[in-house]
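One letter stands for each residue in the lines below.
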Amino acid sequence: VRRSLVASSDGRIFAGTRGEHPSSRAGGKLFCYTPMDDYSGLYGYRVGKIEVVTTPVEGDGIAALAIDNDRKRIYGISTPKGLLFVYDISSGEVEVKGAVDELGVFSDVLVVGKDGCAYGAKRWGSLFKYDPEREEIIPLNVEIPSIRGRKRYNKVDSLVLDEYSGRIYGGGSADGVLFYFDPQDEKMVSLGKPVAQPRIRALTVGRDGIVYGIGGEVGG
């Protein structure tokens, strides 16, 4: 489990698995963890039930998940094929909507915007969205920022929604450039490099409106 852990508004936790090696072709499973109210054990850890919900794409793992608690849907991207799928929490049905990139190059991240669309990135950090009303994967004419001449090495490392402004903040892998994307006018704004090294591995937005993140290389 890497970028595939989401929390439902009813308290359940969903997680998607992937093979440790892409050549294993291990079918990724969607698991559901239901916490219970009682505690047990010396350290008072929470107990609960874990069950396999489904295998969204046979032969593919699950690279990323994002949840829409309003529509009771979980969006995911399979790996290595890069197929976008939709899991309906209420009915338990899964629909595969198609490949997010023609060459199978994509970023292992997804986020649901305030508009209810799921956003991700294909090759060269070019954004796409899945519109649940049109039930269609729509390429956006927007690329994440990178240092000149290095966009072909760039992927989206992390994405997070600012629920107050509606902006989607993100970080690039190749150069570690922080940015935000405004879905309303499809505007991309570069915010520069928080650290000298590449990678922005994780982002979150606090209630104080400040964006917090972790950047840099291993050992850096």
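What counts and what doesn't
Residues numbered from 1 in each chain as written. Predicted model: local features only at pLDDT ≥ 70, side-chain atom pairs only at ≥ 80, totals over all residues. Heavy atoms only, no water. Helix = DSSP H or I, 4+ residues; strand = E, 2+ residues; numbered from the N terminus. Rg over C-alpha atoms; globule rule 2.2 N^0.38 Å. Buried < 20%, exposed > 50% of the residue type's maximum accessible area, 1.4 Å probe, protein only. Contact = heavy atoms within 4.5 Å. Areas by Shrake-Rupley, 256 points an atom, 1.4 Å probe, with all protein chains shown as cover. Lys, Arg positive; Asp, Glu negative; His and termini not counted. Charge placed at Lys NZ, Arg CZ, Asp CG, Glu CD. Pairing = 2+ DSSP bridges. Axes fitted to C-alpha atoms, helices over the stretch in contact; angles between N-to-C directions. Core = buried A, V, L, I, M, F, W, Y, C linked by side-chain atoms within 4.5 Å. Phe/Tyr/Trp six-rings, centres within 6.5 Å; stacked < 30°, edge-to-face > 60°. Lys NZ or Arg CZ within 6 Å of the ring centre and 35° of its normal.

Draft legend 1. Expanded view of the overall build of the protein. Each helix and strand in the protein was counted, giving zero helices and 18 strands. In terms of overall dimensions, the protein is globule-like: its C-alpha atoms have a radius of gyration of 18 Å, near the 17 Å expected for 220 residues. With the C-alpha coordinates aligned to their principal axes, the bounding extent of the protein is approximately 50 × 40 × 35 Å. By residue count, 44% of the 220 residues in the protein fall in the buried class. Partitioning the contacts of the protein with sequence separation of at least 6, the portion at a separation of at least 24 is 39%. Accessible area of the protein: about 11800 Å², with a carbon and sulfur share of 48%. Treating the 29 positive side-chain charges of the protein as one cloud and the 30 negative ones as another, the clouds have centres 6 Å apart.

Draft legend 2. The arrangement of the sheet that holds strand 12 (residues 136-143) in detail. Taken together, four strands build an open sheet; the order of strands is 9-10-11-12 and the sheet is antiparallel. A strand with exactly one partner marks an edge of an open sheet, and here the two such strands are strand 9 (111-112) and strand 12. Pairing between strand 9 and strand 10 (residues 118-121): two bridges, direction antiparallel. Along strand 10, the bridge assignment pairs Val 111 with Tyr 119.

Draft legend 3. Up close: the environment of Ile 214. Its location among the elements puts Ile 214 in strand 18 (residues 211-215). With relative accessibility at 54%, the residue Ile 214 sits in the exposed group. For Ile 214 and Asn 141, which are 73 residues apart along the polypeptide, the C-alpha to C-alpha distance reads 28 Å. Not counting residues within four places of it along the chain, the set of residues in contact with Ile 214 comprises Ile 200, Arg 201 and Ala 202.

Draft legend 4. Quick peek at unusual backbone geometry. Here the residue pair Thr 79 and Pro 80 is connected by a cis peptide bond, since its omega of 15° sits within 30 degrees of zero. Residues other than glycine seldom take positive phi values, yet Glu 135 does so here, at roughly 50°. Mapping Glu 135 onto the fold places it in the loop between strand 11 (126-131) and strand 12. With relative accessibility at 48%, the residue Glu 135 sits in the partly exposed group. Even without being a glycine, Arg 199 presents a positive backbone phi close to 80°. Locating Arg 199 in the fold gives a position in the loop between strand 16 (187-192) and strand 17 (200-205).

Draft legend 5. Structural view of the sheet that holds strand 14 (residues 168-172). On the basis of which strands lie adjacent, the open sheet formed by four strands has the order 13-14-15-16 and antiparallel pairing. Here the strands that pair on one side only, and so sit at the sheet edges, are strand 13 (156-161) and strand 16. Direction aside, neighbouring strands of the sheet carry axes that sit 25° apart on average.

Draft legend 6. Fine view of the nonpolar core. Judged by nonpolar contacts, the single largest core of 15 residues is most densely connected at Tyr 119, Leu 127, Val 156 and Leu 159. Among the elements that take part in this core, strand 13 stands out by supplying three residues, more than any other. Among residues more than four places away in sequence, those in contact with Tyr 119 are Val 109, Leu 110, Val 111, Gly 113, Phe 128, Lys 129, Leu 140, Leu 159, Ile 168, Phe 181 and Pro 183.

Draft legend 7. A look at the packing of aromatic side chains. As enumerated under the stated definition, the model contains four aromatic pairs in all. Judged by centre distance (5.8 Å) and plane angle (55°), the rings of Tyr 169 and Tyr 180 are tilted. With Tyr 169 in strand 14 and Tyr 180 in strand 15 (residues 178-182), the pair connects residues that are eleven residues apart, well separated along the chain. A single burial state applies to Tyr 169 and to Tyr 180, both of which are buried. Here Arg 167 stacks its cationic end above the ring of Tyr 180, 3.8 Å away from the centre of that ring.

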